[in-house]
Amino acid sequence: MSRGGKIAVALISLAPALYVWWWYTGFSLYWPEFPIMVLFWLVCYAIVFVFIYVAFPSVRRRRRKRPKKGREVSGVGAQIDPMTLEVPDHLPPGLVRQGQTNFYLSEDILKVLPRPLAHAYRILIDIRDTSTNLELRGRINIVVLDLQRMDLQEARQSLRAAVWEYLTPKQQDEILSGGLGMWSDWGELKSGQYLIDPESPPKPGYIRLGDVVSPNGETQQLVLQKEGHYLLVAPPGAGKNQSYIMPNLMDYEGPVVCLDPKGENYKATAWWRMMYGDVFKFAPWDDDSDCFNPLDFVDDWDDALSLTRLLVVPDAGVGNRFWDEEARRIVAGLIWYLVVAGSPDEKNLRQLTRLLSESDYAGLAEKLLEANDEILADVAGSILSHATGDHGSSNVIKSVFSNALSNIGVWSSSKIARVTGHTTPGFNPASMLLKCREKENKAATDENVSFGTSFSRNEDGEVTFERDSMDTAYIVFPADRIQEFASVIRVLLGWTLKKVVNVAGPYVGDYDIHRRPFLFIFDELAQLGYMDVVENNAPIARGYGIRMWLVAQDIAQLKRVYPQWESIIAGCVVQTFLAPNSAGTADYVSDRMGVREDLWGKTEPALPKAELLGGKLKGKAINFLSEEKPVLVDLPVPFHVREKQDKDLAELKPILKAELEKYRAERIQELAVTKTGVRQDRDAEIDDDNGYPADIPPPVEDDEIRKPSKPQSADSAPEPDDTCSDDLKDGGERPPEFKMPKDE
């Protein structure tokens, strides 16, 4: 019964007493009978009211004035006083009392509760303290009391039976989706320096990883600003370029070497990177390509060996490595011969292909001996030891030379030869690093020295800018030619990385000076084939202020190319996975996420494979962080959207692009002149039909690469130090047209 009803009953119960008193006074309405009668009636009413007040506590509490607005409580919305809520008639008294009391758990209990239950408790408390439903409040308090007694099974049953049906689908999903302990929370990310603090800018040379939402609803950027490498696994069409590579190229403060399939990154960002420093473009299919000759940077025999390991890649499918090791030894010797004894016009890898096409092996060995070099004398002896007769008719030496030529034959292509005959001034990986380091040293002692993009506009609207000291090199190849010319790309990326590592050593230990990492973007890493410089130099490069950004389409590619693929992944401080579309990558990510106990106490994968492949994470990325739990982020704003939203970019783009085109036009004129100032026509001797010299066969087609002839068996291969004869068995000869299979 409501409060008004109880008062009405009390008043009606006084009517007989009032009538009796009036009869006793003879129905008099005059003094003093009537006033005394009224006073008697008020006294009786006061006695009844006191009785009701004492006997019914709910009436006593409800006499408090109901506040107009809720009281703010930390961590929840507007908390409502349960004593101000009306009590439905159908609720039992026990549930009413439960709903009118707010129970909370101590921090000590919350620490020992399973994460899913602790997460559910926080959400339930928020729902209870902001709800006007007294019944729901009472049911939630039953769950809280079970948790307070640490009766977890009973708490789960109460939640499922008494509370679950009263929650909205959104509230149910919020309870189920969180609390598994698999994602880093806001505090962990902030302490790990993975968030951009508005009060203090991030360290130069950071990489944007995605967007996360703070507890107050603001969107902040997750970034990699720690020392170390970065892995991005993204299937085709997942937004790798638009969401990651292009935006980071626009903002990255540091030297960059970027493999750019199709040239999209160059077209989108080169005009802006021009303000960071000089922009180089190695694009054999473009007229304005810069030039890079790897032999210009071979300083000693060790360099020749390192370059050879990038040129001749062993085939994991053949058990006997004799052919590859012999090919490497001879290629390294010929490279060293061109460096120490070759003329300027001969000092290039196209000339190396000519030497490997020699049929007079004895004459070639004599040339090496004439160089009067101990190393070359050993190589000449190796050639002669495998040759029988004056013109090298041995099948062994033919197979060794054929194997070497099959690995580097693409360097005789007209387009490749045109841009690898010499090196564009400034396109030197060592000088790119030193230029940045020298300015960093100046900035450490002179506060007026600044880094980054800087431009100004005069009264006439003309834009002027000062080019900084952080150069950028784009290596542009058509996407359908990457595998065919993998040897060229492998050398350009791996060789520049090797030379930068050699130069960066002396700067290790300058902890008082913040060094901007030299960024290498290895897009389509697996298609380039095995690079020992990536696998072996990763730990050294990290400590030398060099950051490798490795990009692959799926985990299976890395497994196929790199035997130590797990070590490569572990060496990256952050690994980002965009929504996978392959079962192997989904299995890997699901296994990395581990197994968790859900809200109801069941054990299941924290992130099932079906959810990964089912599109539930579309538009999101999973980031595995070093020393932190994974983070689920929204993809960064696509570059084309950012361009439209940023009015300054839209206004500056045509002006700076015109400057870039002028800059590239000057390069076209420079390309026609060699370092000595003499015009060089390197295409004169090239066959126009296939782009290769007449004496050098073009590389075999992909079908031939994927279907090689029967490989040399381990038993039939000769020992490296034996003199082989012509009586080799079927397995002992490698046909001249044979090419070692490449990893796709």
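Thresholds, definitions, all that
- Residues numbered from 1 in each chain as written.
- Predicted model: local features only at pLDDT ≥ 70, side-chain atom pairs only at ≥ 80, totals over all residues.
- Heavy atoms only, no water.
- Salt bridge = Lys/Arg side-chain N within 4 Å of Asp/Glu carboxyl O.
- Helix = DSSP H or I, 4+ residues; strand = E, 2+ residues; numbered from the N terminus.
- Buried < 20%, exposed > 50% of the residue type's maximum accessible area, 1.4 Å probe, protein only.
- Contact = heavy atoms within 4.5 Å.
- pLDDT = per-residue confidence, 0-100.
- Polar contact = N/O pair within 3.5 Å; in protein donor to acceptor, adjacent residues only side chain to side chain.
- Axes fitted to C-alpha atoms, helices over the stretch in contact; angles between N-to-C directions.
- Parallel < 35°, antiparallel > 145°, perpendicular 65-115°, else oblique.
- Left-handed = near helix turned anticlockwise from the far one by under 90°.
- Nonpolar A, V, L, I, M, F, W, Y, C, P; charged D, E, K, R; others polar.
- Core = buried A, V, L, I, M, F, W, Y, C linked by side-chain atoms within 4.5 Å.

Visitor: Would you take a moment to explain the pattern of salt bridges for this structure?
Guide: Charged atoms that come close allow side chains of opposite charge to pair. Tallied over the full model, the rule gives 28 salt bridges. In this structure, the salt-bridge partner of Arg516 is Glu253, at a minimum N-O distance of 3.5 Å. Pair noted here: Arg516 is in the loop between helix 21 (486–504) and strand 11 (518–522) and Glu253 is in the loop between helix 11 (240–251) and strand 6 (256–261), with a separation of 263 residues, a long-range link. Residue classification places Arg516 among the buried residues on the basis of a relative accessible area of 10%. Of the charged contacts, one joins Asp303 and Lys498 as a salt bridge, the two residues approaching to 3.9 Å between their closest N and O atoms. Of this pair, Asp303 sits in helix 13 (residues 301–311) while Lys498 sits in helix 21, and the two are 195 residues apart along the sequence. Residues Asp303 and Lys498 agree in their burial class; the two are buried.

Visitor: It is not clear to me how helix 16 (residues 361–370) should be interpreted in this structure. Could you clarify?
Guide: Three- or four-residue spacings in an α-helix give side chains the same orientation, since the helix completes a turn every 3.6 residues. Taken residue by residue, helix 16 has Tyr361, Gly363, Leu364, Ala365 and Leu368 as its buried positions. On its buried face, helix 16 is in contact with helix 14 (322–341), helix 15 (349–356), helix 17 (374–386) and helix 18 (395–408). Of the residues flanking the end of helix 16, it is Asn372, one or two places downstream, whose phi is positive at about 55°.

Visitor: In this structure, what is going on with the confidence of the model for the protein chain? I would like to understand it.
Guide: Close inspection of predicted coordinates is inappropriate for parts of the model with low pLDDT. Of all residues in the protein chain, 76% attain a pLDDT of 70 or more, and the chain-wide mean is 78. Summarising per-element confidence for the protein chain, the mean pLDDT is lowest in strand 1 (residues 71–72) (33) and highest in strand 5 (residues 229–233) (95). The low-confidence segment residues 61–77 (pLDDT under 50) makes 27 contacts with residues lying over four places distant or belonging to another chain. Segment residues 674–744: pLDDT under 50, and 125 contacts once partners within four positions in sequence are set aside and those in other chains are kept.

Visitor: What should I look at first to understand the side chain of Asn141 in this one?
Guide: Locating Asn141 in the fold gives a position in helix 7 (residues 134–148). Residue Asn141 is classed as buried on the basis of its relative accessible area, which comes to 0%. In this structure the side chain of Asn141 is engaged in a polar contact, spanning 2.5 Å, whose partner is the side chain of Arg128. If we skip the residues at most four places from it in the chain, Asn141 touches Gln98, Gly99, Thr101, Phe103 and Arg128.

Visitor: Whenever I open this one, the packing of helix 11 against helix 12 (residues 264–273) confuses me. Can you help?
Guide: Axes are the key here: two packed helices are described by the angle between their axes and the distance separating the axes. Contact geometry of helix 11 with helix 12 gives a least axis separation of 9 Å together with a crossing angle of 25°. Of the possible angle classes, the one that applies to helix 11 and helix 12 is roughly parallel. For the element pair helix 11 and helix 12, the recorded crossing hand is right-handed. In this structure, helix 11 uses Asn241, Ile245, Met246, Leu249 and Met250 to contact helix 12, whose residues at the interface are Glu264, Asn265, Ala268, Thr269, Trp271, Trp272 and Arg273. Its residues placed into classes, the contact of helix 11 with helix 12 shows seven nonpolar, three polar and two charged.

Visitor: Got a minute to help me understand the nonpolar core in this structure?
Guide: General note: in soluble globular proteins, nonpolar side chains tend to be found buried as a group. Grouped together as the largest cluster of nonpolar side chains are 106 residues, with contacts concentrated most on Leu311, Ile335, Leu352, Leu356, Phe477, Phe522 and Tyr562. Among the elements that take part in this core, helix 14 stands out by supplying eleven residues, more than any other. If we ignore the near neighbours within four places in the chain, the residues touching Leu311 are Val331, Ile335, Leu349, Leu352, Asn407, Ile408, Trp411, Ser487, Arg490 and Val491. Counting 54 residues, the second largest nonpolar core, distinct from the first, contains Tyr244, Ile245, Met470 and Tyr663.

Visitor: Where do I start with the environment of Thr420 in this structure?
Guide: Inspection of the secondary structure assignment puts Thr420 in the loop between helix 19 (414–419) and helix 20 (429–445). The buried category is assigned to Thr420, whose relative accessible area is 2%. C-alpha separation for the pair Thr420 and Pro294, spaced 126 residues apart in sequence, amounts to 7.6 Å. Discounting chain neighbours no more than four positions away, the residues touching Thr420 are Phe282, Phe292, Asn293, Asn348 and Trp411. Side-chain polar atoms of Thr420 contact the backbone oxygen of Ile416, separated by 2.7 Å.

Visitor: How should the environment of Lys367 be read in this particular structure?
Guide: You can see Lys367 is positioned in helix 16. For Lys367, a relative accessible area of 34% corresponds to the partly exposed category. C-alpha of Lys367 to C-alpha of Ala341: the two residues are 26 residues apart in sequence and 9.4 Å apart in space.

Visitor: How do you make sense of the packing of helix 13 against helix 14 when you look at a structure like this?
Guide: Packing of helix 13 against helix 14 brings their axes to within 9 Å, and their N-to-C directions diverge by 130°. Classified by the angle their axes make, helix 13 and helix 14 are oblique. Like other packed secondary-structure pairs, helix 13 and helix 14 cross with a definite hand, here right-handed. Across the interface between the two elements, Trp301, Ala304, Leu305, Leu307, Thr308, Arg309 and Leu311 of helix 13 pack against Arg328, Val331, Ala332, Gly333, Ile335 and Trp336 of helix 14. Residues of the contact of helix 13 with helix 14, tallied by class, amount to nine nonpolar, two polar and two charged.

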